[in-house]
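One letter stands for each residue in the lines below.
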Amino acid sequence: MQKPMILHINNRYYVKTIGRHVHGELDTKIGAPLSFGVHYTRHEKLHYNIRGKKAFHVTNDGLLNFNRKPKRVAELSCSILNFQKHQDVRFKVGYEVINKVPYFHIKENNWNLNAYMNGRWNVRFDL
């Protein structure tokens, strides 16, 4: 069961000041959470941001989706459950409009391979 709102509040200590951060996520009941954040320090003004993403199911089972993300990113994602025993695989192909860079991601349980058509790439292992 998904919670309607998740809220994280923390203090961050910098060399010259203490910052207050509030980050949260609101369940919009349409399959697209709305993320928000507020940041304040004594010497700076109040900063805030709001981000939302939208996923459109291409298939009824939700394994093939078209995602629209903040920062003008569009991607197509495909999930394959039980690709092998206890192994799920997710493929993503997308385009960053601002940087004009196509990319693809492959994720297998804890391993990630990210490649961008401008020559950047990385491999990650999530603990």
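Structure's up top.
Residues numbered from 1 in each chain as written. Predicted model: local features only at pLDDT ≥ 70, side-chain atom pairs only at ≥ 80, totals over all residues. Heavy atoms only, no water.

## A short note on the pairing of strand 10 (residues 111-116)
Examined bridge by bridge, strand 9 (residues 101-108) and strand 10 share 6 bridges and lie antiparallel to one another. Of the residues in strand 10, the one forming a bridge with Tyr 103 is Tyr 116. Between strand 9 and strand 10, which pair antiparallel one after the other, the connecting turn spans 2 residues, and Asn 109 there sits at a positive phi close to 45 degrees. Sheet topology note: the strand 10/strand 11 (residues 121-125) ladder contains 5 bridges and is antiparallel. The residue of strand 11 that forms the bridge with Trp 111 is Phe 125. (Pairing = 2+ DSSP bridges. Helix = DSSP H or I, 4+ residues; strand = E, 2+ residues; numbered from the N terminus.)

## Observations regarding the pairing of strand 9
Examined bridge by bridge, strand 8 (residues 87-96) and strand 9 share 8 bridges and lie antiparallel to one another. Each residue of the ladder has a partner; that of Phe 91, found in strand 9, is Ile 106. In this structure, the hairpin formed by strand 8 and strand 9 is closed by a connection of 4 residues, where Lys 100 is found at a positive phi of approximately 55 degrees.

## Some words on the sheet that holds strand 6 (residues 64-69)
The antiparallel open sheet is built from 7 strands, whose spatial order is 5-6-7-8-9-10-11. Taken across any chain shown, the strands that pair with only one partner, and hence form the sheet edges, are strand 5 (54-57) and strand 11. This sheet shows a mean twist of 15 degrees between the axes of neighbouring strands, independent of strand direction. Across 9 bridges, the pairing between strand 7 (residues 73-84) and strand 8 is antiparallel. Across the sheet, residue Ser 79 finds its bridge partner in strand 8, namely Arg 90. (Axes fitted to C-alpha atoms, helices over the stretch in contact; angles between N-to-C directions.)

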